[in-house]
Amino acid sequence: MSLFGKVFSRVIPMPLHSITLVIVWLMLNSTTSLGHILLGSVLAIIIPLLCAPLRLPQPKVKRPLKLINYALIVLKDIVVANIEVALLVIGPMDKINPGFVAVPIELTGTLPVTLLASTVTMTPGTVSADISKDQKWLYVHVLNMPEQEQEVIDFIKQRYESRVKEIFGC
Amino acid sequence: MLDYTVMLVAVMLCISLVLNLWRLIIGPHIVDRILALDTMYINSIALILLYGIFNQTPLYFEAALLIAMLGFVSSVAFGKYLLRGDIIE
Amino acid sequence: MSFLMELIISLLLLSGGIFVLVGSIGLLRLQDFYVRLHAPTKATTLGLGGVLGASILYMYHLQGYVSINELLITLFLVITAPVTAHILAKVAMHHRVKLMERTRNPELVETSRAQLPPTPIDNSSDDKKAGTNREV
């Protein structure tokens with residue numbers, strides 16, 4: 001079994017990526033014919049082998065179900081965000097009070113931080129602008145700053161960061 | 001009804017393309033111009049999809065996908081160039 | 001084509017068109033780069049999502065099966081839009097693009113540009129803050 005495991009991890013270094021590649025290949029061709037499944041499988045074996053040296057160690061997704069839940073929440077927030085931003089854009093300009101905020105983040109690893117930063121960009125009135133080198137501060141530009149800056153920080157931390165933390169278990 | 005809607009939305013998309021072009025021309029800083037170009041890519045994807053509905057053919061999706069990928073890569077390349085003065089690090 | 005289907009597709013198309021238009025109006029109308037960045041990244045992405053949804057439904061009606069190609073475009077855009085926005089914001093900080101006068105905490109641009117942690121937000125005197133900024 002261990003020999004099989006070794007060979008398996010040598011031939012398919014990233015199983016999840018391989019499965020994703022097959023699925024995307026089938027989606028691109030929008031078919032499920034045997035020929036395309038075979039061709040997709042060959043690609044899914046070759047491409048990760050070529051890309052394995054590029055990989056950085058990433059924390060694993062501990063709870064996939066939470067990930068789906070998170071995606072739904074973010075999707076809902078995107079729609080709400082857009083309506084808010086649309087009203088602000090069409091309304092009078094002097095209502096807009098932009099500002100910068102530095103949000104302290106407790107996540108580790110590049111994948112969770114990227115996920116958080118992307119979410120912050122897609123949701124209500126905030127765009128992530130930069131991350132400090134030690135990955136402890138996320139700089140965010142806020143379109144319409146409330147009186148208390150702490151509100152924005154708390155919103156990001158409670159609504160998104162805690163959930164990302166649960167997903168990756170870090 | 002759908003024909004009229006498609007026409008109306010096409011007009012909207014063309015107006016927004018013109019607005020983007022305006023920002024591309026007057027953009028005070030070069031970053032504004034990149035942002036305008038990126039938005040124009042996305043708007044043209046929408047226009048191509050609309051043309052697909054208008055002609056009742058799914059053939060244009062491939063073109064839309066290609067534009068989406070090239071638009072993203074070119075925007076990032078512009079950004080990297082302005083950030084470091086070098087595209088390949 | 002049934003009336004209901006047509007109605008749903010039309011509504012999706014219309015909302016998509018309106019959002020794309022709002023994104024472009026925002027791009028033209030807003031006052032500084034950072035604020036301008038908000039409109040295209042959010043509104044335009046959702047607008048394209050609406051048009052794609054309409055297109056998926058229409059093609060489903062036309063062919064009798066859902067071609068998943070379009071879903072791939074949506075997914076791709078949702079993944080790439082924040083990355084573009086992030087890089088453009090970084091570029092703007094690097095070049096010290098002019099800010100709106102009302103912008104709060106403009107001093108964070110300098111620390112963010114150097115990728116340093118922010119100077120602690122205690123209510124120390126203003127000249128001290130300015131001093132630390134100049135060092136950076």
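Bear in mind the structure is a predicted one, so any value in this text is a computation, not a measurement.

Engineer: Could you give me a rundown of the overall build of chain A, with the residues and numbers involved?
Structural biologist: Looking only at helices and strands, one finds six helices and three strands in chain A. Along its sequence from the N terminus, chain A presents helices and strands in the succession α-α-α-α-β-α-β-β-α. The C-alpha atoms of chain A give a radius of gyration of 21 Å, which is well past the 15 Å a tight globule of 170 residues would have. Structurally, chain A occupies a C-alpha span of about 65 × 35 × 25 Å along its principal axes. Going through the 170 residues of chain A one by one, you find that 29% of them count as buried. Residue pairs at least 24 apart in sequence account for 68% of intrachain contacts in chain A once pairs closer than 6 positions are excluded.

Engineer: Lay out the overall build of chain B in plain terms, naming residues and giving numbers.
Structural biologist: Scanning chain B from N- to C-terminus turns up three helices and zero strands. Listing each helix as α and each strand as β along chain B from the N terminus yields α-α-α. Scaling as 2.2 N^0.38, a compact globule of 89 residues should have a C-alpha radius of gyration of about 12 Å, whereas chain B reaches 16 Å, well beyond that. Its C-alpha atoms give chain B principal-axis dimensions of about 50 × 30 × 10 Å. The buried share among the 89 residues of chain B stands at 39%. Relative to all contacts within chain B whose residues are 6 or more apart in sequence, the contacts with residues 24 or more apart total 42%.

Engineer: Please give an account of the packing of helix α4 (residues 64-90) of chain A against helix α1 (residues 3-29) of chain C that cites residues and values.
Structural biologist: Packing of α4 of chain A against α1 of chain C leaves a shortest axis separation of 9 Å and a crossing angle of 45°. The angle between α4 of chain A and α1 of chain C falls in the class oblique. With respect to the hand of their crossing, α4 of chain A and α1 of chain C are arranged in left-handed fashion. Packed against α4 of chain A, whose contacting residues are N82, A86, V89 and I90 of chain A, the element α1 of chain C presents F19, V22, I25, G26 and R29 of chain C at the interface.

Engineer: So what's going on with the environment of W22 of chain B? Which residues, and what values?
Structural biologist: With respect to the helices, strands and loops of the structure, W22 of chain B is situated in helix α1 (residues 2-26). Separated by 14 residues in the primary sequence, W22 of chain B and A36 of chain B place their C-alpha atoms 8.7 Å from one another.

Engineer: Break down the domain arrangement of chain A for me, citing the residues and quoting the values.
Structural biologist: Looking at the assigned domains, one finds that chain A contains domain 1 (2-54) and domain 2 (64-168). Computed from C-alpha atoms alone, the centre-to-centre distance between domain 1 of chain A and domain 2 of chain A is 34 Å.

Engineer: Run through the nonpolar core, naming residues and quoting values.
Structural biologist: Generally speaking, soluble globular proteins have nonpolar side chains that are buried together. Judged by nonpolar contacts, the single largest core of 88 residues is most densely connected at V140 of chain A, A46 and L50 of chain B together with L88 and A89 of chain C. Excluding its chain neighbours within four sequence positions, the residues that come into contact with L50 of chain B are V6, V9, A10 and L13 of chain B together with V51 of chain C.

Engineer: Just give me the short version of the interface of chain C and chain B, but keep the residues and values in it.
Structural biologist: Between chain C and chain B, the contact holds 47 residues from the first and 41 residues from the second. The set of elements that each furnish at least two residues to the side of chain C that touches chain B consists of α1, α2 (33-63) and α3 (69-94) of chain C. Split into classes, the residues belonging to the side of chain C that touches chain B amount to 28 nonpolar, 15 polar and four charged.

Engineer: Give a description of the pairing of strand β3 (residues 137-142) of chain A that names residues and reports values.
Structural biologist: Residues and elements named next belong to chain A. Counting buried positions over the six residues of β3 gives six, a clear majority of the element. Alternating residues of β3 divide into W137, Y139 and H141 and L138, V140 and V142, and every residue in both groups is buried. Here strand β1 (residues 99-104) pairs with β3 via six bridges, running antiparallel. Across the sheet, residue V101 finds its bridge partner in β3, namely V140. Of the pairings in the sheet, the one linking strand β2 (residues 126-131) to β3 comprises five bridges and is antiparallel in character. Residue pairing in the sheet places I131 in a bridge with L138 of β3. In sequence, β2 turns back onto β3 through a hairpin of five residues, with Q135 there showing a positive phi of about 55°.

Engineer: Please give an account of helix α2 (residues 30-55) of chain B that cites residues and values.
Structural biologist: Here α2 of chain B is 26 residues long and its end C-alpha atoms lie 37 Å apart, about the 38 Å a rise of 1.5 Å per residue gives. Downstream of α2 of chain B by one or two residues, Q56 of chain B has phi in the positive range, about 55°.

Engineer: Explain the interface of chain A and chain C to me, using residue names and the numbers behind them.
Structural biologist: Contacts between the two partners involve 38 residues from chain A, matched on the other side by 40 residues from chain C. Listed by contribution, the elements that provide at least two residues to the side of chain A that touches chain C are α2 (15-29), α4, β1, α5 (110-122), β2 and β3 of chain A. Tallying contributions element by element places α4 of chain A first for the side of chain A that touches chain C, with eight residues. Of the residues in the side of chain A that touches chain C, the class split is 24 nonpolar, ten polar and four charged.

Definitions and limits used
- Residues numbered from 1 in each chain as written.
- Chains lettered and ligands numbered in written order.
- Predicted model: local features only at pLDDT ≥ 70, side-chain atom pairs only at ≥ 80, totals over all residues.
- Helix = DSSP H or I, 4+ residues; strand = E, 2+ residues; numbered from the N terminus.
- Rg over C-alpha atoms; globule rule 2.2 N^0.38 Å.
- Buried ≥ 20, exposed ≤ 12 C-beta atoms within 10 Å, placed from the backbone.
- Contact = placed C-beta atoms within 7 Å.
- Axes fitted to C-alpha atoms, helices over the stretch in contact; angles between N-to-C directions.
- Parallel < 35°, antiparallel > 145°, perpendicular 65-115°, else oblique.
- Left-handed = near helix turned anticlockwise from the far one by under 90°.
- Domains from an automatic or database assignment.
- Core = buried A, V, L, I, M, F, W, Y, C linked by C-beta atoms within 7 Å.
- Nonpolar A, V, L, I, M, F, W, Y, C, P; charged D, E, K, R; others polar.
- Pairing = 2+ DSSP bridges.
- Expected span 1.5 Å × (residues − 1).

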